[in-house]
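Architecture and fold: a report
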There are 2 protein chains.
Amino acid sequence: MLFALDAMGGDKAPEAPCKGAVIACGEDESLSVALVGPRGAIEAHIKSASPSVRSRIHIVEANEVIGMGDNPSSSMRSKKNSSLRVAMEMVRSREAVGCISAGNTGAIVAGGVLVVGRIKGIDRPGLAVPIPSLRKTTLLLDVGATVRCKALNLYQFARMGSIYMSSITGLDAPSLGLFSNGSEDIKGDEVISEAREMLLASGLNFEGFVEGKDVPVGRTDVVVCDGFTGNALIKFGEGIGELVKTLIREELRSGILPKVGALLMTPALKKMAARFEYEKNGGSPLLGVDGIVIKAHGNSRDRAIAGALHVASSFAGLRGTERIKESLEL
Amino acid sequence: MLFALDAMGGDKAPEAPCKGAVIACGEDESLSVALVGPRGAIEAHIKSASPSVRSRIHIVEANEVIGMGDNPSSSMRSKKNSSLRVAMEMVRSREAVGCISAGNTGAIVAGGVLVVGRIKGIDRPGLAVPIPSLRKTTLLLDVGATVRCKALNLYQFARMGSIYMSSITGLDAPSLGLFSNGSEDIKGDEVISEAREMLLASGLNFEGFVEGKDVPVGRTDVVVCDGFTGNALIKFGEGIGELVKTLIREELRSGILPKVGALLMTPALKKMAARFEYEKNGGSPLLGVDGIVIKAHGNSRDRAIAGALHVASSFAGLRGTERIKESLEL
């Protein structure tokens, strides 16, 4: 299966995407990657690949770049030869099974709608991020594709998120929560109340409202919210991860007993801090577009890009897009 | 200074409020507390107080209770003899300098508006919670008093939050951030954009948009958001704190080397997990009402209630309410 990877997307591009492609192709022999970007910027970073891996990495020339500060919709429309747009065109034309980018989130969403296209019947796409809890993972969506939502959007996120979680976990009916400012039925605003009514009548495994504290501990398999709220939560978690890392460093500098403890514990603590960098745990699928579009964190290193490629490949293997389409036809 | 304390508010009432009053009066000789509730439920819990402390603790009879599931406004209107309402009446009549409750948040806000009354010129009150970062504290408001906001509400939260932070930290002009889904100027929705324009023209030390990851690391002294978002963030932090505690327990059960480390580190790690239980760090002032109203976490133990009493006392000593009123007259 061939995936188009935006070689110019993210803070560490082109090195991280190129090396990520090499890592992922080394780990999965069924994977082929088209690195989309300027040939000259790519070649140096894939030289060290083994012949078997190199034979599955292709370069697709694209000479423009959509920057992190560019206006999402207008840059996606005007920069027709940008690495992100070309990668998305490959999904539209079915040359590639899916595309992956660590670039401008707004442009990825705009391109998902404008270039790849929405699934018929879906009003707005939702970006989904897995939140690891102790023994399970909660899928949170939307985390930024649709900043403010109508009830219909939340309802459709719930359907799509449930199908996606069912595919990746094998659960028959993943439990579903609607994010609100408290678990009592009277909480929320008009949009949230309306979405709640729709979900109660949906046949989904809907458990009602969940609140902030329920998300990190994994109360339900899927949590639905608008893009503003989801974005606030995952970035807040990222900030806590940063703070925890700083606290560990400070702790190491303090008294001798905790110092010994901290030295012994450092690997475990760092692993813990990394848990809250949700977006770095892999890729976030943009659900609701007619093809596979995976967003990786803007700050992704090669290892994280490889993870996003594996997410894309597994999404394809599970027929994620087709399952969402089939469920809408029921 | 006499403060009215709702003896029936919170999961651990009446024991925690009663014992909290005893602790706080023991720590601060200038403090007097009126425990508001049924005399029979209170007396047993204050028996052990020293004569000096006991002489500063009074019982004010009130025989109704507003429960956690009661409708906020209607219970505040109808339960005229509830412990919370009577405590608030004492603030309105100036018998008490302020009131403290760990009860129903919605009822505390409703009572703040209906009984204590808003400060002239303030449209909606805001509940403020201190978020401890590494070396400083960020004041986050609103965390649930005003679920959805107009731009004017966000603007007034910013003014009130800045004055409050200036009082408690001594900072001349606390730095201020407006919460959005990214730091670029184009982020947010219409309400947030309008509030941004008002803040740019306000003369406050406004640093523009802040996003989720900026809050735990303390990028600005004050962060303003609507009550839905603020509530989502503090409860999400609470959930992360719970998860961290569970992870520590799990870590203790695993291999021998981390076990030694974890045992040595346990106090430091528990302290770290507790950092994210923002509301338990003390009391949250309801800013914008014409008197001191402090909300404590519903799950507060006696120590947390004592902390909330100290927050109330310090708020009074700093003339917090008067300062907000004076600034509005400028």
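The structure we're discussing is the one just above.
These lines cover the structure that appears in this document, whether it is placed above or below.

A closer look at unusual backbone geometry
Omega for the peptide link from B:A13 to B:P14 comes to 0°, which places this bond in the cis form. For B:P14, the location among the structural elements is in the loop between β1 (2–6) and α1 (15–27). With an omega of 5°, the peptide bond between B:L141 and B:D142 qualifies as cis. Looking at the secondary structure, you find B:D142 in the loop between β6 (137–141) and α7 (151–169). Notably, A:R94 is not glycine yet its phi reads approximately 65°, a positive angle. Following the sequence through the fold, A:R94 ends up in the loop between α5 (83–92) and β4 (98–101). A positive phi angle, close to 55°, is found at A:R319, a residue other than glycine.

Some remarks on the pairing of strand β6 (residues 137–141) of chain A
All names here are of chain A. The element β6 is largely enclosed, with a buried count of 4 among its 5 residues. As defined by bridge partners, strand β5 (residues 126–132) adjoins β6 across 5 bridges and the pair is classed as antiparallel. Its bridge partner being in β6, P130 is matched across the sheet by L139. The antiparallel pairing of β5 with β6 creates a hairpin that spans 4 residues between the two strands.

Points about the packing of helix α7 (residues 151–169) of chain A against helix α8 (residues 190–200) of chain A
Residues and elements named next belong to chain A. It is the contact of α7 with α8, at a shortest axis distance of 8 Å, that shows an interaxial angle of 45°. Relative to α8, the element α7 lies oblique. Judged by the sense of rotation from one axis to the other, the crossing of α7 with α8 is right-handed. Note on element contacts: α8 touches α7 through V191, E194, A195, M198 and L199, opposite A151, L154, Y155 and A158. Class assignment of the residues belonging to the contact of α7 with α8 gives a composition of 8 nonpolar, no polar and 1 charged.

What counts, and where the lines are drawn
- Residues numbered from 1 in each chain as written.
- Chains lettered and ligands numbered in written order.
- Predicted model: local features only at pLDDT ≥ 70, side-chain atom pairs only at ≥ 80, totals over all residues.
- Helix = DSSP H or I, 4+ residues; strand = E, 2+ residues; numbered from the N terminus.
- Buried ≥ 20, exposed ≤ 12 C-beta atoms within 10 Å, placed from the backbone.
- Pairing = 2+ DSSP bridges.
- Axes fitted to C-alpha atoms, helices over the stretch in contact; angles between N-to-C directions.
- Parallel < 35°, antiparallel > 145°, perpendicular 65-115°, else oblique.
- Left-handed = near helix turned anticlockwise from the far one by under 90°.
- Contact = placed C-beta atoms within 7 Å.
- Nonpolar A, V, L, I, M, F, W, Y, C, P; charged D, E, K, R; others polar.

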